Structure formats: C-alpha cells, structure tokens
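Chain by chain, the residues:
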Amino acid sequence: MAIVLGPNRYGKAETRLVHVTRGGDTHGLTDLNVSVALAGDLSATHLTGDNAGVLPTDTMKNTVYAFAREHGVGEPEAFALRLGRHFVETQPQIVTARVGIEAYGWERLGPHSFRRRGDFTRLCTVTVGEGFTQVVSGLKDFVVLNTTASEFHGFPRDRYTTLPETTDRILATEVDARWRHLSDATEWGESFEKAKDALVNAFVNTYSYSLQQTLFSMGTRVLDSRPEIAEIRLALPNKHHYLVDLSPFDLQNPGEVFIAGDRPYGLIEGTVTRDDVPPADVPWYPA
C-alpha cells in the first residue's frame, strides 16, 4: 500500500476589510470578510517542507488591503474576481484560486454616518482556474415568516409519530441561498438585489403545503426572473412555532400565542436548476 498526497489547498481566512470611499462630504462604506484559498503544485511543501512555491498567507492578507487601496472595492464579486485572477496570473505554481467574501450591510444615516444592518449577510465565492472563472453569489441569516397560508398534513405515520396534522401554521425559516452565475460578466449589484427580491416574493406569495414546496417555488422564481443565473441551492431550516396550551389558565388560544422553538429543527435542502446549462467547473456548494 502506498500513501499519497490527496487534494489540498491553503490560504488566509477571514481577512476583515473596512473600506471608506471619501467622495467629498458624502462617504461610502464597505465592510467585508475575505478568505483566500490557493491550490496547485504544492506537493513539495507537504512532502519535504520545501516552501519555494508557498506564497505566504500574510502576503494574501496584504494583497487584500493593497488592492482595496489601489483599485477600490466595488461589488464583492468584482473584488473577488480581481483577487483570484491576480493570484493565478502571478504565481505559476497555483492552478486555482478561490476567494470567498461575506459582505455586511450598513444603512446610511447621514453623509458620513451609518447603522449596521443585521437582516442578512451577502455572500460570494469566486473560483479562478486555468481557462475558467466561476462565480457564486448568495445570502445567509435571512429570516422570513408567514403567520398563515401554510399547512402540513398527509405525511406517513408510524409508532413513533406524534406530530399532529395541521391546515394552518406559522411558517418561518432562515434562508441560506447560493446561486451560480452563467458568466463573470454580470451587473453584480442589480443581480443580487433582484434575486433576493425573487426569493422574498416567492416566499410571500406561495401557499405552502410543505417547506419543500416553498423551496422549489423560491428557486423557480429566481431562475424565471434572472437569466444570468444557472442554478440555485437553498438550505431552509424550519423555525418551528408551537401553540401554547393556555387551558390550565382557563384561556383559549386561537392561534395567537406561540413558543418559538430553538432546536431540534427540520432542515430542508435542495437545488433548483435549468436543464440546459453547462455543468459547474468545480463543486460550488457549500460555497
């Protein structure tokens, strides 16, 4: 039996970058968490400790900050593409560069005043390789809730099933959505906002008989409205809400008082895709 080196990569994770654009009296603010991972001909460092092909991860961190100053930041996808191409083009031993970004939103309060938004985190992961680029955008921590228009019944029962069937329930979830673009020539800001709007519109306007049905509706709405997106992957935890039994207090509870469950929770995951798009160049989920 021979022991060999398998797939590997290395990089600098979670470089925090805050960039201020000072355009006169009105400033702009960008807040990112940038992770870089490189892969290629790195066997020597693993097998013999020869670091001749190992660009220091500290250099990757410095490149993030220098690029922000030299080129600005702009949309997360554009910044990630610039970084990924740089590492592949300047390091001959590197075959692929993967740049992942979390972008944190800030709401403007004045010309130079902001308030941190906490309703979601914008995501992107860019992979640059020999002859290809792959861009995945998305969001996470996006909590949405319908107080009605959701049912769950008709499921199989066995000796361990205690869940009652319902024709009216609260449906809540914390959306984690990632979508793969067909090309790297996209108006990233508009594409992101419109995809997010499609997710919201589908959640609001789907009468749900299962969270799986809602997932497919949300993915379908994104693909129907955004031709630049090849496929979308969604992970939807079911944030359960349980009706409180108020009978010990001689009170009725006509669907008004609930306990918000924490764990355990159902987790629904799925991909919605077009049947005529080329396959991904590299695995893209989880991104």
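First, a word on what this report is: a plain description of the structure on this page. (Residues numbered from 1 in each chain as written. Predicted model: local features only at pLDDT ≥ 70, side-chain atom pairs only at ≥ 80, totals over all residues. Heavy atoms only, no water.)

## Some thoughts on the overall build of the protein
If you tally the helices and strands in the protein, you get five helices and ten strands. Principal axes of the C-alpha set define a box for the protein whose edges measure 75 × 65 × 40 Å. When burial is assessed residue by residue, the protein has 40% of its 287 residues classed as buried. For the protein, contacts bridging at least 24 residues in sequence account for 65% of all contacts bridging at least 6. Carbon together with sulfur atoms contributes 51% to the accessible area of the protein, which is approximately 16000 Å² in total. (Helix = DSSP H or I, 4+ residues; strand = E, 2+ residues; numbered from the N terminus. Buried < 20%, exposed > 50% of the residue type's maximum accessible area, 1.4 Å probe, protein only. Contact = heavy atoms within 4.5 Å. Areas by Shrake-Rupley, 256 points an atom, 1.4 Å probe, with all protein chains shown as cover.)

## What about the pairing of strand β5 (residues 132-146)?
Two faces make up the sheet, and in a regular strand the side chains alternate between them. Bridge count between strand β4 (residues 113-129) and β5: nine bridges; the pairing is antiparallel. Bridge pairing in β5 places L123 opposite G138. The antiparallel pairing of β4 with β5 creates a hairpin that spans two residues between the two strands, and G131 there sits at a positive phi of about 85°. In this sheet, strand β6 (residues 171-181) lies alongside β5 in antiparallel orientation, the contact comprising nine bridges. From the neighbouring strand, L139 faces β6, where its bridge partner is A177. (Pairing = 2+ DSSP bridges.)

## Observations concerning the environment of T90
The topology assignment puts T90 in helix α3 (residues 76-90). Counting along the chain gives 169 residues from T90 to I259, while the straight-line C-alpha distance between them is 56 Å. Within the structure, T90 has its side chain in polar contact with the backbone oxygen of H86 (distance 2.7 Å). (Polar contact = N/O pair within 3.5 Å; in protein donor to acceptor, adjacent residues only side chain to side chain.)

## Remarks on helix α2 (residues 57-71)
For α2, built from 15 residues, the straight-helix expectation of 21 Å at 1.5 Å per residue is met to within 8% by its first-to-last C-alpha distance of 21 Å. Residues of α2 that are buried include every one of M60, T63, V64, F67 and A68, and no others. Summarising the axial view, the buried residues of α2 lie within an arc of 130°, below the 170-degree limit, and thus occupy one face. Facing away from the buried side of α2 by over 90 degrees, the exposed positions are R69 and E70. Next to the buried residues of α2 lie β1 (10-23), β2 (26-40) and α3. The positive-phi residue at the C-terminal boundary of α2 is G72, with phi of around 75°. (Expected span 1.5 Å × (residues − 1). Arc of directions from axis to C-beta.)

## Here we look at the side chain of E228
Note that E228 resides in the loop between α5 (211-225) and β7 (229-238). A polar contact of 2.9 Å, which involves the side chain of E228, links it to the side chain of R226.

## Looking at α3
For α3, which comprises 15 residues, the first-to-last C-alpha distance of 21 Å matches the rise-based estimate of 21 Å (1.5 Å per residue) to within 8%. Within α3 the residues assigned to the buried category are P76, E77, F79, A80, L81, L83, G84, F87 and V88.

## Here's the deal with the sheet that holds β6
If you walk across this open sheet you meet the eight strands as β1-β2-β3-β4-β5-β6-β7-β10, and the pairing is antiparallel. Both edges of this open sheet fall to β1 and β10 (266-273), since each of them pairs with a single strand only. For this sheet the average axis-to-axis angle between neighbouring strands, irrespective of direction, equals 20°. α5 rests against β6, β7 and β10 of the sheet, and its axis sits at about 150° to β7. (Axes fitted to C-alpha atoms, helices over the stretch in contact; angles between N-to-C directions.)

## A closer look at unusual backbone geometry
Here R263 and P264 are connected by a cis peptide whose omega angle stands at 0°. Counting through the fold element by element, P264 comes out in the loop between β9 (258-260) and β10. Not every positive phi belongs to a glycine, and E14 is a case in point at roughly 60°. By the element assignment, E14 lies in strand β1. You can call E14 exposed: its relative accessible area is 56%. Residue D250 is not a glycine yet carries a positive backbone phi of 55°. With respect to the helices and strands, the residue D250 is situated in the loop between β8 (241-243) and β9.

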